[in-house]
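So the chains spell out like this:
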Amino acid sequence: MNDGQYLFEQLVTADIGEEIFAFVAEIYPICRSITGRGVRETLRAIGEHIKLEVHEVPTGTQVFDWVIPREWNIRDAYIKNERGEKVLDFAQSNLHVMSYSTPVRRRISLAELKEHVFTLPNQPDLIPYRTSYYAENWAFCMPHRLLESLRDETYEAVIDSTLADGCLTYGEYLHEGETEDEFLLSAHVCHPSLANDNCSGIALLTYLAKQMAGVRTRYSYRFLFAPGTIGAIAWLACNEDHVGRIKHGLIVSMVGDGGGPTYKKSRHGNSRIDRAVIQTLRHSGLTPTILDFSPYGYDERQYCSPGFNLPVGLLQRSKFGEIPEYHTSADNLDFIAPDHLAQSYRLIAETIDVVESDLVYRNTSPKCEPQLGRRGLYGAVGGHKDAVAANMAMLWILNLSDGMHSLLDIAEQANLPFAVIRRTAQLLQHSGLLTICDTTLDKRGALGTAQ
Amino acid sequence: MNDGQYLFEQLVTADIGEEIFAFVAEIYPICRSITGRGVRETLRAIGEHIKLEVHEVPTGTQVFDWVIPREWNIRDAYIKNERGEKVLDFAQSNLHVMSYSTPVRRRISLAELKEHVFTLPNQPDLIPYRTSYYAENWAFCMPHRLLESLRDETYEAVIDSTLADGCLTYGEYLHEGETEDEFLLSAHVCHPSLANDNCSGIALLTYLAKQMAGVRTRYSYRFLFAPGTIGAIAWLACNEDHVGRIKHGLIVSMVGDGGGPTYKKSRHGNSRIDRAVIQTLRHSGLTPTILDFSPYGYDERQYCSPGFNLPVGLLQRSKFGEIPEYHTSADNLDFIAPDHLAQSYRLIAETIDVVESDLVYRNTSPKCEPQLGRRGLYGAVGGHKDAVAANMAMLWILNLSDGMHSLLDIAEQANLPFAVIRRTAQLLQHSGLLTICDTTLDKRGALGTAQ
Amino acid sequence: MNDGQYLFEQLVTADIGEEIFAFVAEIYPICRSITGRGVRETLRAIGEHIKLEVHEVPTGTQVFDWVIPREWNIRDAYIKNERGEKVLDFAQSNLHVMSYSTPVRRRISLAELKEHVFTLPNQPDLIPYRTSYYAENWAFCMPHRLLESLRDETYEAVIDSTLADGCLTYGEYLHEGETEDEFLLSAHVCHPSLANDNCSGIALLTYLAKQMAGVRTRYSYRFLFAPGTIGAIAWLACNEDHVGRIKHGLIVSMVGDGGGPTYKKSRHGNSRIDRAVIQTLRHSGLTPTILDFSPYGYDERQYCSPGFNLPVGLLQRSKFGEIPEYHTSADNLDFIAPDHLAQSYRLIAETIDVVESDLVYRNTSPKCEPQLGRRGLYGAVGGHKDAVAANMAMLWILNLSDGMHSLLDIAEQANLPFAVIRRTAQLLQHSGLLTICDTTLDKRGALGTAQ
């Protein structure tokens, strides 16, 4: 497959980290929420790179147990003191206003204002990120030090927002592979100026999709850019009849920091995507954390709800909620780095490579070992620094290629990197010692979920 | 079920520990053995609290591989020295005579006497507890210091006992539930003045049965007070045709000391009673020891014999044989305490609550998460200090209520206390988000043993 | 079976270690390779003890993916300096010549000689053991100190060897048991003067076969003495139709040193031979290492190739490759000892005893415990120092003899030595409390591999 060139090598470029970072920087300033112009503007930016299909779901549409809410937009917001000085200005940070705040234009006392202010007393210099999508309210978010500095006077509180019938917007892009079986890659697009959560995920998937153009794959790859929770629910409601195509899925968020990597398994717990990611992370040289599924987290909650139970996991660097920068103004461009983005990109590209190449071979000489030396196979890989691993890989592949073990099964049992197993299997195949036993993606998908 | 009031709360009273302790103190002085007046006197005392059905199995009755032995009774026993002084007096401790000692009235030398004396050289102040039910013999048990103080003279050894045809006696009490499926709770009644082993178990089960009167339960609860080994065998022989009703069972012994708790699993190893007890102990705040089944121990040996293989475990505080007080005169009223008895009682009541409430629900909105906020469920439990646990419980229950997970399954997977899962499930049920999927006790029993 | 006398006791004699050692010393000097006179001479020595059947497979014979190579023989070899002094002499150690070296008789410079010399710079006093069976070449092996002492002069290099059409030779001996089901015991005979690897294995199996003569067994025991790899492949090719008879197998090598013991499991990983060896090692008082199967090692590689997948494990003392003496001249008679050989012999004899005695019994009194005291069984074994173990063994056997657990299953679950379980089971059988449930070897074999 791939005519001898590995998918991984086709997907990765030298400056991929810098490119992703630049795109993060481009979309970082946009004020996103679960609906509104910020989402559309973000999707438009993505559309500069890939042919994105944008969908609008009208307010009031029933999506399973939920109803698409009114669309929220905001032009401006500030707090002025009695001297007319803006003590808080939305223009400086879109985190200053709680997402979905109702419009306000009032003179209020400090005491009343305080009832509509969120701060982080333990991180007094940071602005918290808050939302109130379904309970009508308004609030400002500010550094605790700012709140403490406010004098007891009358303030002018202005939030120039609108809540009105409109749409929820999401975008998707399909890279068509040889089959209709799909690998879903999804990033939430509802957070405002938070660089890691989730400009990083949006930008990484945009570049992955872009890089995949023209590359032959077995699976079709569906890239989804949708608001968290309600967006995933809306997508599932609109695509309910087709979700059976999804054989593997990854939610991608917070992939720009240097922590982790962290992988949370799908509800299946041992599906092929789980095993492919874990195999990749274990041989990455990093110190991954592997978490069992739990029903709290990102959009895997929806894909793994009992009515769908799709094999969808969550890939992050640091785990959400476990770093001080999480959901604060400290999640800015300084918090992420091109190197981390490139590393995360490579992990996903390698995972895709595992899933694409996870074939079942059959040893054509299954009785006793074949004579490798005669074929020049012992030492054929001697030039590589992993010659010992390659020799062991040969023995493992020949021993386990009985029609019941895929390359991923073999890599796991041999405790060797998948790439070594895959490359060695192709060498053996060229020598006639292996034949492909079963290339049907459907069956492989079934194999994955059956385990 | 239980019309909103939890079984646990109906079973537990504030002064339950003091009440059980007082009953232990009442029956502690009685000289029990595997047959005889002591057993009848004990059953009579139990009968003051619950309507006990007493059975008499005549000497010579074949019960499986065993035969009911002759009945043993004892009026008095002593050892007098040459000066007529009683150096040992049965009236001071019924441990002084080996249980089932044949009658004796002889003058014997110290040397001959020593052949009929048991002591504990390493615990020289304590009287050991000894029996010889099936090999005819007689013996005195005494502190090693006493034996060492005896002068080399002639002693008058008297054991005024009888071994004659009679009966083996046991008592049982059935609390009738909504179904005929039974939960067996059994305590051995054959040990003389040993407070923990097993006056504690007898008294605890007496008060549990008493407290259960008038309480609606799904299962029927069979309380059995029988001599160890031969009594359990006799009961099984008399009830062989009905043991299939026993879906869960607990042997209760040594529940008054502050050690443990210790749970020894049934032979199944993963039956529902095993999982219910373990779930309760793990969230008890104590440091439980969980032991695999072994064929050495208490009456679970009989229930778990291969011809029955019933799901019956053993609950204790300290493990038998592993404390210095075990089977000595130090196992007295000072060794146990009302607090420990109350704690043991609560553990059993909680276990019963788990088994009673272990329903299978089905999420009525299984595609994506339902919108909890709209129903006031997020934060509905905010007042509780375990609000976070309750929120997680909601998500876990909704995610796993696919008709294949009971509440106990969910509690185990969520690593949350069963009570939190149960309470939250009822909240979700009232909101219409859950329906009971299967309430058939038979099926639940089968579910339990099938796992 | 065995009419009351245990197989183990029939197989072990007091001086077995000394006898095996003496035989090792006898065959140690022979220059073996994968073909040639050394193998034949070794088989002739074995034939002095047992009626060995010797097979010759001609050069050029196709054996699966391999072809039997030309036969190699060597008469002499040396290196002479300009003064005619032999600086290296094959007569002093047959390790001095790389096995399968082509004939050489030349005057060469030191520089050229060095291209045909192997040494061990980190073990400068030892001669390495090297082979080049399938790539034509010649080389000397010598201590690194010797190489360093050689002056820059012209040397006469002589290897008086022949490579010519001939045969590969192996020997086998069948001890016929009650059934045709076989236990394969195999030792490689291709290494020259290396005492542990594998004169020890050859000698141990020779004496085991010799000792087995006249002993009644259920299984037939096939002893195979063949060159490593190509010999095992040749044997499998010649016996392809009959390998289904092999129910258990052990590769025996390096059993004379004091390390380990080390057991590498068969590819099945949990076959009966694996469990029998592990059971024996765990209760040996030694500190065994149990390794999962891997496709690198000794002849288990061939028996466990996917086309055969036979239940064959590898038993060693120290693990190959993990000791400094491995494949050097330090693997000499000083490196092994009669005590270690005797210990290894006993481990194998005990394993055989487990496999032979691993019956499934049925408790004839399965409802409740039978009354052991009445039958004199409690304490019947009191004279033994392992009386407590025997009592526990009785309870475990009675509890688990439900027709679904063999004695090995019971020994594992009870964590007791197999010998205690077996002896106790026979005691219970004599008391009528157990009957043999299933003695069919075929079924037992199936049981073993099915697990």
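Before reading further, recall that the structure is shown in the block above.
These figures come from a predicted structure and were not determined experimentally.

Student: Help me get a handle on the relation of the copies chain A and chain B, residues and values and all.
Tutor: Superposition of the two copies of the chain requires a rotation about an axis and a shift along the axis. Overlaying chain A with chain B gives an RMSD of 0.1 Å, the required rotation being 120 degrees about an axis along which the chain moves by 0.3 Å. Overall, the copies show the geometry of a three-fold rotation axis.

Student: Report on the sheet that holds strand β4 (residues 71-80) of chain B, specifying residues and quantitative values.
Tutor: All names here are of chain B. Strands sit in the order β5-β4-β9-β6 across an open sheet of four strands; the sheet is antiparallel. The sheet terminates laterally at β5 (86-89) and β6 (104-109), the two strands that pair on one side only. Adjacent strand axes in the sheet meet at a mean angle of 20 degrees, parallel and antiparallel pairs treated alike. Note: β4 against β5, three bridges, orientation antiparallel. From the neighbouring strand, Tyr-78 faces β5, where its bridge partner is Asp-89.

Student: Outline the packing of helix α8 (residues 272-282) of chain B against helix α12 (residues 407-414) of chain B, supporting the account with residue identities and numerical values.
Tutor: All names here are of chain B. Viewed as axis vectors pointing N to C, α8 and α12 meet at an angle of 45 degrees, and their least axial separation amounts to 11 Å. Overall, the two elements α8 and α12 adopt an arrangement that is oblique. The crossing of α8 and α12 is left-handed. The segment α8 lies against α12, with Arg-272, Arg-275, Ala-276 and Gln-279 engaging Leu-408, Asp-409, Ala-411 and Glu-412.

Student: Residues and numbers for the pattern of salt bridges, please.
Tutor: Counted by the stated rule, this structure contains 87 salt bridges over all chains. A salt bridge links Glu-136 of chain B to Arg-70 of chain B; the nearest nitrogen and oxygen atoms lie 2.5 Å apart. Here Glu-136 of chain B, found in the loop between β7 (117-118) and β8 (140-141), pairs with Arg-70 of chain B, found in the loop between β3 (66-67) and β4; they are 66 residues apart in sequence, far enough to count as distant. We note a salt bridge from Arg-83 of chain C to Glu-85 of chain C, for which the minimum N-O separation is 3.7 Å. Residue Arg-83 of chain C is classed as partly exposed on the basis of its relative accessible area of 43%.

Student: So, the interface of chain A and chain B: which residues are in play, and what are the values?
Tutor: Across the contact, 19 residues belong to chain A and 19 residues belong to chain B. Buried surface at the junction of chain A and chain B, summed over both partners, amounts to about 1700 Å²; 53% is from carbon and sulfur atoms. It is Asp-65, Pro-295 and Pro-306 of chain A in chain A that bury the most area against chain B; as a group they hold 35% of the surface buried on that side. Our enumeration of links across chain A and chain B arrives at five salt bridges. A salt bridge links Arg-375 of chain B to Asp-65 of chain A; the nearest nitrogen and oxygen atoms lie 2.7 Å apart. Elements supplying a minimum of two residues to the side of chain A that touches chain B: α7 (230-238) and α9 (300-303) of chain A. Across the side of chain A that touches chain B, the residue classes break down as eleven nonpolar, four polar and four charged.

Student: Explain the interface of chain C and chain B residue by residue, including any values.
Tutor: For interface size, the figure often reported is the accessible area lost on association. Contacts between the two partners involve 19 residues from chain C, matched on the other side by 19 residues from chain B. Each partner contributes to the roughly 1700 Å² buried at the junction of chain C and chain B, and carbon and sulfur atoms together form 53% of this total. Counting the surface chain C buries against chain B, the share from its top three residues, Lys-367, Cys-368 and Glu-369 of chain C, is 39%. Taken together, the links from chain C to chain B amount to five salt bridges. Arg-267 of chain B is the salt-bridge partner of Asp-402 of chain C, the closest N and O atoms lying 2.9 Å from each other. Connecting chain C to chain B are 13 residue pairs in polar contact (both at pLDDT 80 or more).

Analysis parameters
Residues numbered from 1 in each chain as written. Chains lettered and ligands numbered in written order. Predicted model: local features only at pLDDT ≥ 70, side-chain atom pairs only at ≥ 80, totals over all residues. Heavy atoms only, no water. Least-squares fit on C-alpha atoms with pLDDT ≥ 70 in both. Pairing = 2+ DSSP bridges. Helix = DSSP H or I, 4+ residues; strand = E, 2+ residues; numbered from the N terminus. Axes fitted to C-alpha atoms, helices over the stretch in contact; angles between N-to-C directions. Parallel < 35°, antiparallel > 145°, perpendicular 65-115°, else oblique. Left-handed = near helix turned anticlockwise from the far one by under 90°. Contact = heavy atoms within 4.5 Å. Salt bridge = Lys/Arg side-chain N within 4 Å of Asp/Glu carboxyl O. Buried < 20%, exposed > 50% of the residue type's maximum accessible area, 1.4 Å probe, protein only. Buried area = accessible area lost by both parts, 1.4 Å probe. Nonpolar A, V, L, I, M, F, W, Y, C, P; charged D, E, K, R; others polar. Polar contact = N/O pair within 3.5 Å; in protein donor to acceptor, adjacent residues only side chain to side chain.

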